[in-house]
Amino acid sequence: MASLGSEAEREPLLGPGSPGSREWDTVETQEHYKSRWRSVRILYLTMFLSSVGFSIVIMSIWPYLQKIDQTADASFLGWVIASFSLGQMVASPLFGLWSNYRPRKEPLIVSIFISVVANCLYAYVHVPAAHNKYYMLIARGLVGFGAGNVAVVRSYIAGATSLQERTSAMANTSTCQALGFILGPVFQTCFALIGEKGVTWDTIKLQINMYTAPVLLGAFLGIVNIILILFILREHRVDDSGRQCKSVNFQEENTDEVHIPEGSIDQVAVVTTNILFFVVLFIFALFETILTPLTMDMYAWTQEQAVLYDGVILAALGVEAVVVFMGVKLLSKKIDERAILLGGLVVVWVGFFILLPWGNQFPKVQWEDLHNSSIPNTTLGEIIIDLWNSPREDHSEQPTGCPIEQAWCLYTPVIHLAQFLTAAVLVGIGYPACNVMSYTLYSKVLGPKPQGMYMGWLSASGSAARILGPVFISHVYTYLGPRWAFSLVCGIVVLTISLMGAVYRRLIAFSVRCGRIQE
């Protein structure tokens, strides 16, 4: 292969040649190509199932938690939901490091097995006589720990694709992840037909109902995934030109293999890309978090309306994300990937800028609605105490509007519905473009060397963003209101764009920086 010269070495893996042609055969055989892509598609499935594992119970956690343990409150629910991201944040670097030195089947199978066991534990959290909520906390944390295998998935796909294939493969990975988040609640809705009682298998104390059926399905799919990995997944690693590389993960003998090129990784580009990925996930996590309280405060929606309408909005954003992922695959062939990432950040900034409250129309305040827009001859404190002490059953409807406890409701203009929907569409365009481009660039910056540990840190930064984003926005929004909250988000995006502009020239592929491939 070396005798073909540097020109042949720079020929893209999916260049003008076709399977069976001389140009194709000098890079890889058709058998190797098919095996490599079979393995990549198995990991698409793994990513999909990992996302389903998070979202398939997200709508039913609260009622199930209340059913199994009456001592659980809303604050504990927050810990249960956050435990998934905490577990993933801890596990991602560990599984990534493991995959650098051992065959990647090992961390994949172990992580999926942990998720299977955790799902089974979730189905049995009703059995203990006490402390049931803590068993649920442990179960969700372990599911998140198993989901740390996304670092292995991304590092495998990055190492098994050439530069020309990388963006498309990463976009497919993001599409599978997005589909998992979309279809998980759909599966949960289907299982709701079973009902709360369901059926009970007394011999093994297993209840199959609307709460446990989804996780049992997840456990079954996990077992199927393990079988597919055992029998179909093969270790493949190629360099940026598509030539097969020797590595600790790959033990097949082949005289045409090339060694991983020497050269240092640009650590500035690595740190910058981690920050970019953190900000992208941080912003979308806070947007998801604020969606329901914002719409209830601004448009006086009831809880039922908010769940329905916001669910439709999130589902539409999920479909939009899939379309954007597919569009990015085509756009990246004509436009620099750095420009797409930068453009995505600009679109996100525009979306949050549009969300800033303007005008002189104010949201309906909750206590005004309850008192038929009349102001009684009592103090504000007495009004609030009266509302707090009045029995809930005396009101035919839940109070709607912006709670008077949030002082900003009295002086912050309303965010109009058209304004909100426009912003949601823009965020729905910018987020997926930034998401896939950030870790596509990251994988290219790292080059053909084992990326498991680095991908682990990237996944950990994303998990940290999903934890901190909701905490940040809930506090700022509650105490300072949407004007301050979204202004701070706009400021964060501006700083992120500035950071990317400062290191723009360094966000290039390892092989391009080392002069092995022309940009």
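Residues numbered from 1 in each chain as written. Predicted model: local features only at pLDDT ≥ 70, side-chain atom pairs only at ≥ 80, totals over all residues. Heavy atoms only, no water.

We count it as follows: UniProt positions are given in the numbering used here, feature names are shortened, and annotations may be inferred rather than shown by experiment.
Going by what an unreviewed UniProt entry lists, the protein chain is known as Major facilitator superfamily domain containing 8 and is assigned to Cricetulus griseus. The record held by UniProt for the protein chain lists under Subcellular location (unreviewed entry) the comment "Endomembrane system".

1. A look at the overall build of the protein chain
Stated formally: Only runs of H or I of at least four residues qualify as helices and only runs of E of at least two qualify as strands under DSSP, and these elements are numbered from the N terminus. Burial classification: accessible surface area is computed with a 1.4 Å probe over protein chains only, and a residue below 20% of its type maximum counts as buried, one above 50% as exposed, and the rest as partly exposed. The contact rule is simple, with two residues in contact once any of their heavy atoms fall within 4.5 Å. Each accessible area is a Shrake-Rupley result for a 1.4 Å probe, and residues are judged covered by the shown protein chains and nothing else.
Secondary structure assignment for the protein chain yields 19 helices and two strands. Taking all 519 residues of the protein chain together, 52% fall into the buried category. Pairs at least 24 residues apart make up 80% of the contacts formed inside the protein chain by residues separated by at least 6 positions. Accessible surface for the protein chain amounts to roughly 23600 Å². Of this, 64% is attributable to carbon and sulfur atoms.

2. Brief notes about the packing of helix α16 (residues 417-446) against helix α17 (residues 452-480)
Going by this rule: Axis geometry follows a simple rule: fit a line to the C-alpha atoms, using only the stretch in contact for helices, then measure angles between N-to-C directions, giving values from 0 to 180 degrees. Should an angle fall under 35 degrees it is taken as roughly parallel, and over 145 as roughly antiparallel, whereas 65 to 115 is taken as roughly perpendicular and any remaining angle as oblique. Crossing handedness follows the turn of the near helix against the far one: under a right angle anticlockwise gives a left-handed crossing, and clockwise gives a right-handed one. In this classification, the charged set is Asp, Glu, Lys and Arg, the nonpolar set is Ala, Val, Leu, Ile, Met, Phe, Trp, Tyr, Cys and Pro, and all remaining amino acids, among them Gly, are polar.
Running from amino to carboxyl end, α16 crosses α17 at an angle of 155 degrees, the nearest separation of the two axes being 11 Å. When the interaxial angle is binned, α16 and α17 end up roughly antiparallel. Crossing angle aside, the handedness with which α16 passes α17 is right-handed. Touching Tyr 439, Tyr 442, Ser 443 and Leu 446 of α16 are Tyr 454, Met 455 and Leu 458, all from α17. Here the residues of the contact of α16 with α17 sort into six nonpolar, one polar and no charged.

3. Overview of the packing of aromatic side chains
In this description, an aromatic ring pair is defined by two values, namely the gap between the centres and the angle between the planes. How we decide: To pair, rings of Phe, Tyr and Trp, with the six-membered ring standing in for Trp, must have centres within 6.5 Å; the planes then decide the type, stacked if under 30 degrees apart, edge-to-face if over 60, and tilted in the middle.
Inspection of the entire model under this criterion finds 18 aromatic pairs. Centre to centre, the rings of Tyr 64 and Tyr 122 are 5.4 Å apart; their planes meet at 50 degrees, and the pair counts as tilted. Separated by 58 residues along the polypeptide, Tyr 64 in helix α4 (residues 61-68) and Tyr 122 in helix α6 (residues 105-123) bring together distant segments of the chain. Taken individually, Tyr 64 and Tyr 122 each receive the classification buried, so the pair is uniform in this respect. On the basis of an interplanar angle of 70 degrees and a centroid distance of 5.6 Å, the ring pair of Phe 95 and Phe 145 is categorised as edge-to-face. On the criterion of sequence distance, the pair formed by Phe 95 in helix α5 (residues 74-101) and Phe 145 in helix α7 (residues 132-146) is long-range, its members being 50 residues apart. A residue is classified by how much of its surface remains accessible, and Phe 95, at 4% relative accessible area, is buried. Overall, Phe 145 belongs to the partly exposed group, its relative accessible area being 24%.

4. Comments concerning the side chain of Thr 212
Stated formally: Polar contacts, as counted here, are pairs of nitrogen or oxygen atoms within 3.5 Å of one another; within protein the pair requires one atom able to donate a hydrogen and one able to accept it, and residues that are adjacent in sequence qualify only if both atoms are side-chain atoms.
Positionally, Thr 212 belongs in the loop between β2 (206-208) and α10 (213-231). A polar atom in the side chain of Thr 212 sits 2.5 Å from the backbone oxygen of Gln 207. When near neighbours in sequence (up to four residues on either side) are disregarded, Thr 212 contacts Tyr 64, Ala 123 and Gln 207.

5. Quick notes on α16
Defined as follows: To estimate how far a helix should extend, the number of its residues minus one is multiplied by 1.5 Å.
Along its 30 residues, α16 runs 43 Å from first to last C-alpha, staying within 8% of the 44 Å computed at 1.5 Å per residue. Burial runs high along α16: 24 of the 30 residues are buried. Gly 447 sits one or two positions beyond α16 and adopts a positive phi of about 80 degrees.

6. Quick look at the pattern of salt bridges
Quick note on the threshold: For this analysis, a salt bridge means a side-chain nitrogen from Lys or Arg found within 4 Å of a carboxyl oxygen belonging to Asp or Glu.
By the definition in use, this model includes six salt bridges. In this structure, Arg 506 and Asp 266 form a salt bridge, with 3.0 Å as the shortest nitrogen-oxygen distance. Of this pair, Arg 506 sits in the loop between α18 (482-502) and α19 (510-513) while Asp 266 sits in the loop between α10 and α11 (267-299), and the two are 240 residues apart along the sequence. The exposure class of Arg 506 is partly exposed, given its relative accessible area of 38%. A relative accessible area of 9% means that Asp 266 is categorised as buried. The salt bridge involving Asp 336 is made with Arg 338; its shortest N-O contact spans 2.9 Å. Residue classification places Asp 336 among the partly exposed positions, given a relative accessible area of 30%.

7. Some remarks on the state of the cysteines
Think of a disulfide as a covalent bridge from one cysteine sulfur atom to another cysteine sulfur atom. Basically, it comes down to this: Only a pair of cysteine sulfur atoms within 2.5 Å counts as a disulfide in this structure description.
Summed over all chains, the structure comprises one disulfide. One disulfide bridge connects Cys 402 with Cys 409, the sulfur atoms lying 1.8 Å from each other. The sign of the S-S torsion, about -60 degrees, decides the handedness of the disulfide formed by Cys 402 and Cys 409: left-handed. Residue classification places Cys 402 among the buried positions, given a relative accessible area of 0%.

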